[in-house]
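Remarks on the overall topology
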Amino acid sequence: QVQLVESGGGSVQPGGSLKLACSASGKIASSYTMAWYRQTPESEKRELVATVTSGKMTNYADFVQGRFLISRDNDRNAIYLEMTSLKPEDTAVYYCNAQWFASQVYPWGRGTRVTVSS
């Protein structure tokens, strides 16, 4: 029932900022941990970027620590990713999903592309 739609991507210069959003067509269970993933042009797999639990506790991959901020708004049925100090290696397609025992819950959306270049 749930369909995920990511938005907010674009092209920015190194050091720039973007705010990504993820909305769901159906209600996301508040008990789920939500996560942002990304897939770089060099990788065949999505890598975990950040998570936020139902209690709004957050965790980040080392490569974004201190630069990205994940948040959720249960009333709006959405999650967000504030990205600052962007680097060329952040270039990727970014996806959101619910997480349960290290596995995604819903079908993957199309993602939103972030390109960081001079």
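Here the structure is a predicted model, which means the values were calculated and not measured.

1. With respect to the side chain of Glu6
For Glu6, the position within the fold is in strand 1 (residues 4-7). Arg46 provides the closest opposite charge to the buried, salt-bridge-free Glu6, at an N-O distance of 7.4 Å. A polar contact of 3.0 Å, which involves the side chain of Glu6, links it to the backbone nitrogen of Cys96. Looking at Glu6, its side chain comes within polar contact range of the main-chain nitrogen of Gly111, at 2.9 Å. Excluding anything up to four places from it in sequence, Glu6 contacts Ala21, Cys22, Trp36, Tyr94, Tyr95, Cys96, Gly109, Arg110, Gly111 and Thr112.

2. A short note on empty space enclosed by the protein
Applying the stated criterion across every chain, the model contains one cavity of 30 Å³ or more. Space inside the largest cavity adds up to approximately 50 Å³. As for the largest cavity, its lining consists of Lys27, Ile28, Met34, Arg72, Asn74, Asn77, Ala78 and Ile79. Across the lining of the largest cavity, the residue classes break down as four nonpolar, two polar and two charged.

3. Concerning the sheet that holds strand 7 (residues 68-73)
One open sheet holds the four strands; their spatial order is 1-3-8-7, and the pairing between them is antiparallel. Looking at the sheet topology across the chains shown, the edges are occupied by strand 1 and strand 7. Taking the axes of each pair of neighbouring strands and ignoring which way they run, one obtains an average angle of 15° across the sheet.

4. Side note on the pattern of salt bridges
Scanning all chains against the criterion turns up four salt bridges. Its salt-bridge partner being Arg38, residue Asp90 comes within 2.9 Å of it at the nearest N-O pair. Linking Asp90 in the loop between strand 8 (78-83) and strand 9 (92-100) with Arg38 in strand 4 (residues 33-39), this pair joins segments that are 52 residues apart in sequence. Comparing Asp90 with Arg38 shows no difference in burial state: the two are buried. The salt bridge involving Arg76 is made with Asp73; its shortest N-O contact spans 2.8 Å. Taken together, the shared-partner salt bridges connect Arg38, Glu47, Arg67 and Asp90 into one network.

5. Notes on the packing of aromatic side chains
The relative placement of two aromatic rings is captured by the distance of their centres and the angle of their planes. One pass over the structure, following the stated rule, counts four aromatic pairs. Taking 6.1 Å as the distance between ring centres and 85° as the angle between the ring planes, the aromatic pair formed by Tyr32 and Tyr106 counts as edge-to-face. Placement of the pair is Tyr32 in the loop between strand 3 (18-24) and strand 4 and Tyr106 in the loop between strand 10 (103-104) and strand 11 (112-116), with a sequence separation of 74 residues. Ring plane angle 90° and centroid distance 4.5 Å describe the contact between Trp100 and Phe101, whose orientation is recorded as edge-to-face. What makes Trp100 exposed here is its relative accessible area of 54%. Three or more aromatic residues joined by ring pairs form one cluster here, namely Tyr37, Tyr95 and Trp108.

Rules of the game
- Residues numbered from 1 in each chain as written.
- Predicted model: local features only at pLDDT ≥ 70, side-chain atom pairs only at ≥ 80, totals over all residues.
- Heavy atoms only, no water.
- Helix = DSSP H or I, 4+ residues; strand = E, 2+ residues; numbered from the N terminus.
- Buried < 20%, exposed > 50% of the residue type's maximum accessible area, 1.4 Å probe, protein only.
- Lys, Arg positive; Asp, Glu negative; His and termini not counted.
- Salt bridge = Lys/Arg side-chain N within 4 Å of Asp/Glu carboxyl O.
- Polar contact = N/O pair within 3.5 Å; in protein donor to acceptor, adjacent residues only side chain to side chain.
- Contact = heavy atoms within 4.5 Å.
- 1 Å grid on protein atoms, 1.4 Å probe; cavity = no way out; pocket = protein on both sides within 12 Å on 5 of 7 lines; lining within 4 Å.
- Points joined across faces, edges and corners; volume = space filled by probe spheres on them.
- Nonpolar A, V, L, I, M, F, W, Y, C, P; charged D, E, K, R; others polar.
- Pairing = 2+ DSSP bridges.
- Axes fitted to C-alpha atoms, helices over the stretch in contact; angles between N-to-C directions.
- Phe/Tyr/Trp six-rings, centres within 6.5 Å; stacked < 30°, edge-to-face > 60°.

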